[in-house]
Amino acid sequence: VEASIPEPQRAAWQKFSAEPFNTKEQFEQEAVRHIETTLARSLYNCDEGAAYGGTALAFRDRMVIDWNRTQQNQTFADQKRVYYLSLEFLMGRALDNAMLNVQQKDSAKAGLADLGFRMEDIINQERDAALGNGGLGRLAACFLDSLASLNYPAWGYGLRYRYGIFKQEIIDGYQVEIPDYWLDFNPWEFPRHDVTVDIQFFGNVRKYVDDSGKQVSVWENGEIVQAVAYDVPIPGYATPTTNNLRLWSSKAASGEFDFQKFNSGEYESSVADQQRAETISAVLYPNDNLERGKELRLKQQYFWCAASLFDIVRRFKKSKKAWKEFPNAVAIQLNDTHPTLAIPELQRILIDQEGLEWDEAWSIVQKTFGYTNHTVLPEALEKWSVPLFQHLLPRHLQIIYDINLHFLQYVERNFPKDREMLGRVSIIEESQPKMVRMAYLALIGSHKVNGVAELHSDLIKTTIFKDFVKIYGPDKFTNVTNGITPRRWLHQANPRLSELIASKLGGYDFLKDLTLLHKLENYVDDKAFRKEFQEIKFANKVRLAKHIKDTNGVSVNPAALFDIQVKRIHEYKRQQLNIFGVIHRYLTIKSMSPEERKKLAPRVSIFGGKAAPGYWMAKTIIHLVNAVGAVVNNDKDVGDLLKCVFVEDYNVSKAEIIVPASDISEHISTAGTEASGTSNMKFVLNGGLIIGTCDGANIEITREIGEENIFLFGNLSEDVEDLRHAHFYSKFEFDPQLQRVFDAIKEGRFGDAGQFSALVNGIVEHGDYYLVSDDFKSYIDTHTLIDEAYKDQESWVSKCITSVARMGFFSSDRCIDEYAEMIWNVEPLSPTKKAKGV
Ligand code: F55
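Along each chain, the written sequence defines residue order, and numbers are assigned to residues from 1. This being a predicted model, a pLDDT of at least 70 is required before a residue's local features are given, and a value of 80 or more before pairs of side-chain atoms are given or counted; all residues contribute to the totals for chains, interfaces and linings.

S.K.: Would you take a moment to explain the sheet that holds strand β20 (residues 603-608) for this structure?
M.R.: Through backbone hydrogen bonds, the strands of a sheet pair up, either in parallel or in antiparallel fashion. Strand order in the open sheet made by the six strands is β21-β20-β19-β22-β23-β24, with parallel pairing throughout. Of all strands in the sheet, those bounded by a partner on one side alone are β21 (642-647) and β24 (711-712). The pairing criterion is simple: DSSP has to find at least two bridges between the two strands. We count a stretch as a helix when DSSP gives it H or I for four or more residues in a row; a strand needs E for two or more, and each element gets its number in order from the N terminus.

Below you can see the structure in the form of structure tokens.
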């Protein structure tokens, strides 16, 4: 290793080598030093922002020590590594997580108190790292936490967006998007200006036959953009293992080209080129479950895949191993189809640059990749137009055609009688223009394909990938049910519940092995435990009520039943069903006598979530929720019996306040549409119950916690097709209670009815694709059951505690172990206290 300190001088280094702090005093020393020197603030101008900065930098230093050691340890161990490629990492805040994972939050809290600051205020100074849309991006973040906590040698690779997911403001009931410029002060990233990769776009392919008679392809005359690495340390919980998340940032390649422009006086156009290059990593696309085929998005995907693969290959080549060893050193997991270009890119590197034969290269590629599918919704399946590909990535298009040719020949040989199949499974869709089907390419180029919950993994085998099960056999397909990290979603979000559990289980081991929660079942009837459990839920509701008062100005009663639906706004997730249910409840209250009203259980319906900026129907749903809230919350007849609020700008740190405060949360997608869902797991783990459809992970949650502890309703996925059909071909009778809701909207009781007509008409006139009318009765009847159940607090608390005790399966640690065993074939690496040698 050329850059190491020579042996005789190492003693000098080691004498001063940094050690992680472990006490309050050491923390204060580090924090004050950073505030004074790194941040150049004094005793007289240290505000909460500066105190956050000093605290973050103290923890950053502490993590870096473990991080360096981990990286060296992993390099020396020379084991297989996992690379998790995701275009989204929805990390949220880092400071609280770092303090808890390195188990020094108490030192910091006491130290900050000495300096006159409250921990909570300091934590709230940090901006979320919001480099993701929703579940898919948050899953990647949970996986990084588990990979490090379980000591797997693993890296994440993503894009360093200058703007994360937009900030949502609600103005006059409408969503307004504000850019999220989050990088002003980000102490958690390390720019690696020496780790750069030149990435080519456009250009042409020149083919020739070399001296040995071999066909050679050269991709040339393209435009070069430079990728610069930014590294983010990922600490594991209660382990020195600290993994790396590498995010790529784009900038103009500093080549002769630029100098020529400068010298010839084309200063402005040279700066414009620079800006064009920087545009690649400028902004996260804000669509979830929708793909719109934009050129810049394809550029982002290639830029990031090419930079990541170059980096992985560069690391492998240092080991001087033979190419056939590559799949024994490297496992690459594709988080959805967004990184699928990594497949033709690795094939290109192996054949065009390393001179391997096609078949040998392809066998390496297939062994290296695994592909996770997150959706069966047709509008979310990525397709790129062939002309766009031809223009941007001409060599990759050729390679994709070659992959397709080999694949179709194989299919033809094995299914000679089924000529139709060739068109169905071809990577190229014969449309106008032709399209590249990325999911097929990802599947063909991987050795395993997994869905994210049992139902979803079954569905992909019978719908979008049906033919491929025939072609490759069922063993290529597997299931890894999603999970969540208990560190953030229990210990960090709900410290009092975590502490209560620890007091009964004899410590915090359950944060590393969540199945230990089962021992809580012994306390279901323990009076003191139940009381404390209820008090914690109440305190969490008080905290959320305060947030709602501060942000919406609405007073909600913390003794009311908190009914929460927070997730991206999407028709398939059916927030419209929820708000129609709220209107139904409102109309019912209005029609009641004062005596009847007294018997009702008070409710607070809480909504939150972002709509993709171009998704009109989703924006209409937000508007309706706010319009209903404006009426209901100010109606004297209703009082505390019903409140309806929309919490602005739902994100990871809001979730940490909202999730622990639910009595009921809503996971009510049309059966067969929500691949898994992960917030369902978070809510139950925090002692809330669920109303849900038989969809995604709800089904497995039910199996684990028992059907007496969940409120399931609605039609099943196997009936969806027939029901949709029936909407068009048999005149179906509309549910009268839903009709009453629509009449109220049409009468203008929530403002001008015209604003909501698309939403109503989608159901009444345009086939009700998401089956709102079919499930409405079952939905409101189930809410009536919930009202009754909530009145019996004793049995309610038993359900909550039992559910928490049975949630062990849904830890992302369990997921990661399953991926490691079934897909990656990697082992954890026990951390050493100090890396040996340099
Ligand atoms: C983002 C961009 C595109 Cl182009 C497509 C999809 C997305 C996205 O955000 N998808 C997403 O969040 N999918 C969700 O993944 C979760 C984790 O597996 C699932 O729990 C959830 O059901 C699924 O919708």
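S.K.: Just checking my understanding: could you explain the site of the ligand for this structure?
M.R.: Proximity of a residue to a molecule or strand is defined by its backbone-placed C-beta atom lying within 6 Å of that partner. Among the 20 residues in the neighbourhood of the ligand, the closest are listed as Gly 135, Leu 136, Asp 288, Ala 675 and Ser 676. Residue ranges for the domains trace back to a domain assignment, done automatically or taken from a database. Summarising the domain contributions, the shell around the ligand has at least three residues from each of domain 2 (78-93 + 128-479) and domain 3 (486-820).

S.K.: Can you walk me through the pairing of strand β11 (residues 242-252) in this structure?
M.R.: Within a regular beta strand, the side chains point alternately toward one face of the sheet and then the other, so they alternate between its two faces. Counting buried positions along β11 yields 10 of 11 residues, so the element is predominantly enclosed. Pairing between strand β4 (residues 154-159) and β11: five bridges, direction parallel. The residue of β11 that forms the bridge with Gly 158 is Leu 247. Hairpin connection from strand β10 (residues 223-235) to β11: six residues lie between these consecutive antiparallel strands, with Ala 238 at a positive phi of about 55°. Counts of 20 or more other C-beta atoms within 10 Å of a residue's own C-beta define buried residues, counts of 12 or fewer define exposed ones, and intermediate counts define partly exposed ones; C-beta atoms are placed from the backbone.

S.K.: Is there a simple way to explain the nonpolar core in this structure?
M.R.: Within soluble globular proteins, side chains that are nonpolar tend to cluster in buried spots. Of all hydrophobic cores here, the largest spans 220 residues; its most connected members are Tyr 83, Phe 303 and Val 628. We call two residues in contact when the distance between their C-beta atoms, placed using the backbone, is within 7 Å. If we skip the residues at most four places from it in the chain, Val 628 touches Ile 579, Val 582, Ile 583, Cys 644 and Phe 750. The term nonpolar core refers to a set of buried Ala, Val, Leu, Ile, Met, Phe, Trp, Tyr and Cys residues connected through C-beta atoms within 7 Å.

S.K.: What am I meant to see in unusual backbone geometry here?
M.R.: For the bond from Gln 432 to Pro 433, the omega torsion is 0°, close enough to zero to count as cis. Within the fold, Pro 433 resides in the loop between β15 (428-429) and β16 (435-437). In this structure, Phe 202 is a non-glycine residue whose phi angle is positive, near 60°. Along the chain, the position of Phe 202 falls in the loop between β7 (190-201) and β8 (204-209). For Lys 320, which is not a glycine, the phi torsion comes out positive at approximately 60°. On the secondary structure map, Lys 320 appears in the loop between α10 (295-318) and α11 (326-329).

S.K.: Which parts of the structure should I look at to understand the sheet that holds β15?
M.R.: The strand order β14-β16-β15 describes an open sheet built from three strands, whose pairing is antiparallel. Strands at the two margins of the open sheet, each flanked by one partner only, are β14 (383-385) and β15. Pairing between β15 and β16: two bridges, direction antiparallel. Looking at the pairing, Glu 429 lines up with Met 435 of β16.

S.K.: Teacher, can you tell me more about the packing of helix α23 (residues 575-590) against helix α32 (residues 772-791) here?
M.R.: Geometry of a packed helix pair, given as the angle between the helix axes and the separation of the axes. It is at 10 Å that the axes of α23 and α32 come closest, and there the two elements cross at 55°. Considering their axes alone, α23 and α32 lie oblique with respect to each other. Here α23 runs over α32; the crossing is right-handed. Residues Gln 576, Leu 577, Phe 580, Gly 581 and His 584 of α23 form the contact with α32, whose own contacting residues are Val 772, Asp 775, Phe 776, Tyr 779, Ile 780 and His 783. Residue classes follow a fixed rule: Ala, Val, Leu, Ile, Met, Phe, Trp, Tyr, Cys and Pro count as nonpolar, while Asp, Glu, Lys and Arg count as charged, and any other residue, Gly among them, counts as polar. When the residues that make up the contact of α23 with α32 are grouped by side-chain class, the tally is six nonpolar, four polar and one charged. The convention used is that axes are lines fitted to C-alpha atoms, helices contributing only their stretch in contact, and that angles between N-to-C directions extend from 0 to 180 degrees. Each angle gets one of four labels, with under 35 degrees taken as roughly parallel, over 145 as roughly antiparallel, 65 to 115 as roughly perpendicular, and the rest as oblique. Here a crossing is called left-handed whenever its near helix is offset anticlockwise from the far helix by less than a right angle, and right-handed whenever the offset is clockwise.

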